[in-house]
Amino acid sequence: MKTAITEMFGIEHPIIQGGMHYVGFAELAAAVSNAGGLGIITGLTQKTPELLAKEIARCHDLTDKPFGVNLTFLPTFSAPPYPEYIAAIREGGIKIVETAGRSPEQYMPALKAGGIKVIHKCTSVRHSLKAEQIGCDAVSVDGFECGGHPGEDDMPNMILLPRAAEELKIPFVASGGMADARSLVAALALGAAGMNMGTRFIATKEAPVHDNVKRALVDATELDTRLVMRALRNTERVLKNKGVDRLIEIEREKGAKLQIADIHAEVAGVYPKVMIDGEMDAGAWSCGMVVGLIKDVPTVKELIDRIMADAERIILDRLAGFVGAESKAALRVA
Ligand SMILES: Cc1cc2nc3c(=O)[nH]c(=O)nc-3n(C[C@H](O)[C@H](O)[C@H](O)COP(=O)(O)O)c2cc1C
């Protein structure tokens, strides 16, 4: 399937694996790229630029296909040394960067000087247009359904994607709530040139996380995510667990007076506990509503092959079946 995104990134299928803290290691990124999608290493999971350089080298050993690096600009107490991370990315021969969080404007000259294509992930039309204006090559339009940070507009993809299509000149992928061929075909119908998946890729054989995490994703339903940190304007969609119940109780008590220090135990240092040690009640970790569509733990290649084969069937059988012979002849569709 050729789209503006497959052409731009030199990939076979219009499927991207979004950056994920403590999930987006070389093993997963390489598996996605080897299966014809675009794998992405999560830059800031590597504690230093030197460690990121090593992770990039490890990924080059695992695949000859293109892969990218995610750079997330989120509010933190002490900002990571972004220029040094970008230097590691450039020196590692990376040609695709997924940015997220704040606007990457400040870092665009350094990224562009490295011949890097930038796909910025954002949750609104206005931020997508800003990304286009500052020279991003593509956008990952992330709807309210998404795992991670859906922003504060609460705009689901059924509205957000066609609005993005109306306004944007650069290509975009649909992100948030994407799980299977139905998601891909719907995303294409709404104007996207592909899809970005986060949560779905965690429930794969190659995702280097504890089996408890994969089991929790298979067991959960679409009703099991919660929004936290709204009072801090840093809303995050997470999987419900005992730590999240505690967090929500604190949020209820503190109301608008909530400060990050109040929920430190429930949000800080949670990822290694969950993803490496499998402590499922440790606290808040990102998970999308799409968890309700996850029923198995296939290999990445099985997942991507299934999506592409089913997408063809949906387009050729189901959708084409709705169009009458006369219309097909008039449109010159086989
Ligand atoms: C466990 C987890 C960790 C994530 N960490 C990051 C991150 O560090 N940076 C980022 O830009 N996005 C992060 N995301 C968001 C994903 O890249 C992607 O945009 C999102 O998962 C899409 O929604 P979906 O989960 O419905 O597919 C994370 C998502 C999950 C599920």
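Each value, and the rule that gives it
- Residues numbered from 1 in each chain as written.
- Predicted model: local features only at pLDDT ≥ 70, side-chain atom pairs only at ≥ 80, totals over all residues.
- Heavy atoms only, no water.
- Phe/Tyr/Trp six-rings, centres within 6.5 Å; stacked < 30°, edge-to-face > 60°.
- Buried < 20%, exposed > 50% of the residue type's maximum accessible area, 1.4 Å probe, protein only.
- Salt bridge = Lys/Arg side-chain N within 4 Å of Asp/Glu carboxyl O.
- Near = heavy atom within 4 Å.
- Polar contact = N/O pair within 3.5 Å; in protein donor to acceptor, adjacent residues only side chain to side chain.
- Areas by Shrake-Rupley, 256 points an atom, 1.4 Å probe, with all protein chains shown as cover.
- Helix = DSSP H or I, 4+ residues; strand = E, 2+ residues; numbered from the N terminus.
- Pairing = 2+ DSSP bridges.
- Axes fitted to C-alpha atoms, helices over the stretch in contact; angles between N-to-C directions.
- Contact = heavy atoms within 4.5 Å.
- Parallel < 35°, antiparallel > 145°, perpendicular 65-115°, else oblique.
- Left-handed = near helix turned anticlockwise from the far one by under 90°.
- Nonpolar A, V, L, I, M, F, W, Y, C, P; charged D, E, K, R; others polar.
- Expected span 1.5 Å × (residues − 1).
- Arc of directions from axis to C-beta.

Chemist: With reference to specific residues and values, describe the packing of aromatic side chains.
Modeler: How two aromatic rings sit relative to each other is set out by the distance from centre to centre and by the angle between their planes. A full pass over the atoms with the stated rule returns four aromatic pairs. When the ring of Y22 is compared with that of F25, the centres are 6.2 Å apart and the planes differ by 70°; the resulting orientation is edge-to-face. Of the two residues, Y22 and F25, neither departs from the other in class, the shared state being buried. Residues Y82 and Y107 carry aromatic rings whose centres are separated by 5.6 Å and whose planes lie at 50° to one another, so their mutual orientation is tilted.

Chemist: An account of the pattern of salt bridges is needed here, citing residue identities and associated values.
Modeler: Counted under the stated rule, the structure contains 20 salt bridges. Notably, a salt bridge pairs D180 with R182, separated by 2.7 Å at the nearest N-O pair. Residue class for D180 comes out buried when judged on its relative accessible area of 17%. On the basis of relative accessible area, R182 is assigned to the exposed category, the value being 53%. Put simply, K240 and D245 hold a salt bridge, and the shortest N to O gap is 3.1 Å. With a relative accessible area of 36%, D245 lands in the partly exposed category. Connected through salt bridges with shared partners, the residues E27, E55 and R58 form a single ionic network.

Chemist: Describe the site of the ligand, listing the residues and the values that go with them.
Modeler: The full set close to the ligand counts 24 residues, and G19, K121, G177, G198 and T199 are the nearest of them. Note that a nitrogen atom of the ligand is positioned 3.0 Å from one of the backbone N or O atoms of H21. Within the side chain of T72, one N or O atom sits 2.9 Å away from a nitrogen atom of the ligand. Within the complex, the protein chains bury 93% of what would otherwise be the 600 Å² of accessible surface of the ligand. Among the secondary structure elements, those contributing two or more residues to the shell around the ligand are β3 (67-73), β8 (195-197), α9 (199-202) and α13 (270-276).

Chemist: Could you give an account of the sheet that holds strand β2 (residues 39-42), naming the residues involved and the relevant values?
Modeler: The eight strands lie next to each other as β1-β8-β7-β6-β5-β4-β3-β2, forming an open sheet whose pairing is parallel. Either end of the sheet is taken by a strand with one partner, and the two such strands are β1 (15-17) and β2. In this sheet, adjacent strand axes meet at a mean angle of 30° when their direction is disregarded. The pairing of β2 with β3 spans four bridges and is classified as parallel. The partner of G39 across the bridge, within β3, is F67.

Chemist: Help me get a handle on the environment of V270, residues and values and all.
Modeler: Note on placement: V270 falls in helix α13. In this structure, the C-alpha to C-alpha distance between V270 and V139, residues 131 residues apart in sequence, is 29 Å. With near-sequence residues (within four places) excluded, V270 lies in contact with A265, A282, G283 and A284.

Chemist: Just give me the short version of the packing of helix α8 (residues 181-189) against helix α14 (residues 300-321), but keep the residues and values in it.
Modeler: Closest axis-to-axis distance for the α8/α14 pair is 8 Å, and the angle between their directions is 60°. Here α8 lies oblique to α14, going by the angle between them. As for the relative orientation of α8 and α14, their crossing is right-handed in sense. Here A181, R182, L184 and V185 of α8 come into contact with α14, specifically with I307, M308, D310, A311, I314, I315 and L319. Per-class residue counts for the contact of α8 with α14 are nine nonpolar, no polar and two charged.

Chemist: Can you lay out the environment of A320 for me, pointing to particular residues and giving the numbers?
Modeler: Position of A320 among the secondary structure elements: in helix α14. Separated by 14 residues in the primary sequence, A320 and R306 place their C-alpha atoms 20 Å from one another. Once residues lying within four places of it in the same chain are set aside, the contact partners of A320 are I315 and K328.

Chemist: Run through helix α11 (residues 242-254), naming residues and quoting values.
Modeler: One turn of an α-helix holds 3.6 residues; hence residues three or four places apart share an orientation. The terminal C-alpha atoms of α11 lie 19 Å apart, and with 13 residues this matches the ideal 18 Å at 1.5 Å per residue to within 8%. For α11, every residue scored as buried is listed here: G243, V244, L247, I248, I250 and E251. Down the axis of α11, the buried set is contained in an arc of 160°. They therefore lie on one face. The exposed set on the far side of α11, more than 90 degrees from its buried face, consists of K242, R252 and E253. Packed against the buried residues of α11 are β9 (225-228), β10 (236-239) and α12 (264-267). Where α11 begins, the capping side chain belongs to N241, and its oxygen is found 2.8 Å from the backbone nitrogen of G243. Phi turns positive one or two residues past the end of α11, at G255, with a value near 60°.

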